[in-house]
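For reference, the chains in residue letters:
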Amino acid sequence: MPAGLAVDSLVRRRGGFVLGPVSLRLEPGRALGLLGANGAGKTTLLTGIAGQGRLNEGTVTWNGRPVQRGDWRLREPIAFVRDVPALYGELTVRQTLSFVGGIYRTWQPARAATMLDLLRLDTAQRVNTLSRGMRAKLGLLLAISHSVEMLLLDEVTAGVDADTRAEIQRLIRTLTRERGVATVLSSHIFEDVEHACDDVLMLRAGLPVFQGPLDGARTASLRDLYFSYGGQ
Amino acid sequence: MARGRPRCEICTSLTGASDVRQLIALVRKDWMLHWRSVAAFCVGFIALAHALTWLLPPLPQPGLALPPVVTVPVALSFVLTCVTWLVERERSRETFALLRALPVSDLQIVGSKYLAYVLMQLAGLAFVLVTTPVGAYLSPMQVVTTFMGILTFASLCLAAQLSFTHRKAGVAPVILLLVVAVGAARLGQSHAIVSQLVSRWRQPWLHASLWAVCVTVTAGCLIAAYLRVRSQDTEDLIG
């Protein structure tokens, strides 16, 4: 049984937009960066991998098991975090943790408490009073305080300050290298991909234009590479 | 990938203790979000009832505080308002995306919405029974039948809200309410039917039949809502 994520000839059509065909492999303990302009298809690809939307063609498997839309049991090992995590603003951070903790079968309260301290979140604060960066951190905390095996992050660092971004990058690296989580991170920011990822996939108008390991590429060269493939 | 799941989700989503725990977590979350609004509605209703009792001339029926022409629209608007809170809030603030990212089935999502509404209505009923003389002119069986009728309307509203997106989602239950109102008005014009219903309103078999109809319609609506939600991508569900 192949370990990790396997995407084969994935095609998604939404309105007039066509994504793919896209194929990729991602092993546990590695992080893949998705780079592309707005509308390049990063979110469409991530939602397809997460089983959040219908695939028109192709297959997605996780550890050899097909990821199908509506297969909610796979949402235990596969966590998906959107750019602005949709959370219940009226609830406090503690109530949000209690709600999400009641849903996951493998929820680890001790890990959630450790992450709360690490990310410096106030449990008594209402979610709608949190800044964008704090909401991003809370969304990430909810996604990793259980037995997650694959983490799909959709522009979680967009619009957050430099400190929070560095914190999130460190967290992704730790999760990937120490806990063996396979991570797909979509971002506009080259530094995010350079600091947190091992591989990169560049998308342009729904098509992959470059795919390969970063091999310690510096931001400048990643940027050059991106623009050399027609990035905007 | 595009094909449906081979297993029956109804059989696999509510079979373990952890599934029930998840359902409780979902209902509890809805209750935490909306209990203040429900309380405000109930208090508002009592204030309205007292104001109308003071303004309107005394009713011919003994013990009846308000005419059905007032209480029925209030009850139906309670249904519409609560179901809109439960569904539209998730849609407009995109929290359906969070629910869809959590390991809960679409059946649990739809079921939790209905159960949360049932709790709201139970709270409303308890409040009305305590604060108004409903018990004086309705037998327990009639209260249960009325309660189930309102629950059936709620399941219709829930199915309508979940079946449509954007403006249609808001308009569909209102159209439904109009259809019910017009149907009731036309029924009311037929004196023979009304007199038969009134004369049998105390007979147990009539209530048993109505309960069976309510349960059937409610089950049908919930299954339709579940199938509709299941067929939608998360982006479409958010609208």
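Residues numbered from 1 in each chain as written. Chains lettered and ligands numbered in written order. Predicted model: local features only at pLDDT ≥ 70, side-chain atom pairs only at ≥ 80, totals over all residues.

1. Regarding the overall build of chain A
Alright, step 1. Looking only at helices and strands, chain A features 7 helices and 10 strands.
Alright, step 2. Residues classed as buried in chain A amount to 45% of the 232 residues present.
Alright, step 3. Counting contacts in chain A only where the partners sit at least 6 residues apart, residues at least 24 apart contribute 70% of the total. (Helix = DSSP H or I, 4+ residues; strand = E, 2+ residues; numbered from the N terminus. Buried ≥ 20, exposed ≤ 12 C-beta atoms within 10 Å, placed from the backbone. Contact = placed C-beta atoms within 7 Å.)

2. Notes on the interface of chain A and chain B
Alright, step 1. At the junction of the two partners, chain A supplies 31 residues and chain B supplies 26 residues.
Alright, step 2. Here the residues of the side of chain A that touches chain B are counted per class, giving 13 nonpolar, 10 polar and 8 charged. (Nonpolar A, V, L, I, M, F, W, Y, C, P; charged D, E, K, R; others polar.)

3. With respect to helix H5 (residues 162-178) of chain A
Side chains three or four residues apart in an α-helix point the same way, a direct result of the helix having 3.6 residues per turn.
All names here are of chain A.
Alright, step 1. The end-to-end C-alpha separation of H5 is 24 Å, in line with the 24 Å expected for 17 residues at 1.5 Å each.
Alright, step 2. Arg-165, Glu-167, Ile-168, Gln-169, Leu-171, Ile-172, Leu-175 and Thr-176 are the residues of H5 that are buried.
Alright, step 3. Tucked into the core, H5 has its buried residues touching strand E3 (31-35), helix H4 (132-144), strand E7 (150-154), strand E8 (182-187) and helix H6 (190-196). (Expected span 1.5 Å × (residues − 1).)

4. Regarding the nonpolar core
Alright, step 1. Ranked by internal contacts, the top residues of the largest apolar core, which has 110 residues, are Ile49(A), Leu152(A), Val83(B) and Leu158(B).
Alright, step 2. Of all the elements, helix H7 (residues 140-163) of chain B adds the most residues to this core, at 9 residues.
Alright, step 3. Beyond its immediate chain neighbours, meaning those up to four positions away, Leu158(B) contacts Val83(B), Val87(B), Lys113(B), Tyr114(B), Tyr117(B), Cys221(B) and Ala225(B). (Core = buried A, V, L, I, M, F, W, Y, C linked by C-beta atoms within 7 Å.)

5. Considering the sheet that holds E3(A)
Residue and element names in this part refer to chain A.
Alright, step 1. With mixed pairing, 6 strands are arranged side by side in an open sheet as E6-E7-E8-E3-E9-E10. Edge strands, defined here as strands with exactly one partner in the open sheet, are strand E6 (78-81) and strand E10 (207-213). Strand-to-strand, the axes of this sheet are offset by a mean angle of 15°, without reference to chain direction.
Alright, step 2. Note: E6 against E7, 4 bridges, orientation parallel. Bridging across to E7, Val-81 finds its partner in Leu-153. (Pairing = 2+ DSSP bridges. Axes fitted to C-alpha atoms, helices over the stretch in contact; angles between N-to-C directions.)

6. What to know about the confidence of the model for chain A
Alright, step 1. Looking at chain A, pLDDT values average 86 and 95% of them are 70 or higher.
Alright, step 2. Here helix H7 (residues 219-228) of chain A is the element of chain A with the lowest mean pLDDT, 70, and helix H2 (residues 93-103) of chain A is the one with the highest, 93. (pLDDT = per-residue confidence, 0-100.)

7. Description of the environment of Arg14(A)
Residue and element names in this part refer to chain A.
Alright, step 1. If you trace the backbone, Arg-14 turns up in strand E1 (residues 5-14).
Alright, step 2. You can call Arg-14 partly exposed: it has 19 C-beta atoms within 10 Å.
Alright, step 3. Along the chain, Arg-14 and Asn-56 lie 42 residues apart, while their C-alpha atoms are 9.7 Å from each other.

8. Describing the pairing of E10(A)
All names here are of chain A.
Alright, step 1. Two strands pair when backbone bridges link them, and strand E9 (residues 199-204) and E10 are joined in this way by 6 bridges, in the antiparallel orientation. Across the sheet, residue Arg-204 finds its bridge partner in E10, namely Leu-207.
Alright, step 2. Hairpin connection of E9 to E10: 2 residues between the antiparallel strands, including Ala-205 at a positive phi of 50°.

9. Looking at the sheet that holds strand E2 (residues 17-26) of chain A
Strand-to-strand pairing in sheets goes through backbone hydrogen bonds, with the strands running parallel or antiparallel.
Residue and element names in this part refer to chain A.
Alright, step 1. Strand order across the open sheet formed by 4 strands is E2-E1-E4-E5, with antiparallel pairing between neighbours. With partners counted over all chains shown, the strands left at the sheet margins are E2 and strand E5 (65-66), one partner each.
Alright, step 2. Relative to strand E4 (residues 57-62), E1 runs antiparallel, the two sharing 5 bridges. Residue Val-7 lies in a different strand from E4, and its bridge partner there is Val-60.

10. Regarding the packing of helix H5 (residues 106-131) of chain B against helix H10 (residues 204-230) of chain B
All names here are of chain B.
Alright, step 1. Closest axis-to-axis distance for the H5/H10 pair is 9 Å, and the angle between their directions is 135°. By the angle between their axes, H5 is oblique relative to H10. The handedness of the crossing between H5 and H10 is right-handed. Facing H5, whose interface residues are Asp-106, Leu-107, Ile-109, Val-110 and Tyr-114, H10 presents Leu-222, Ala-225, Tyr-226, Val-229 and Arg-230.
Alright, step 2. Here the residues of the contact of H5 with H10 are counted per class, giving 8 nonpolar, no polar and 2 charged. (Parallel < 35°, antiparallel > 145°, perpendicular 65-115°, else oblique. Left-handed = near helix turned anticlockwise from the far one by under 90°.)

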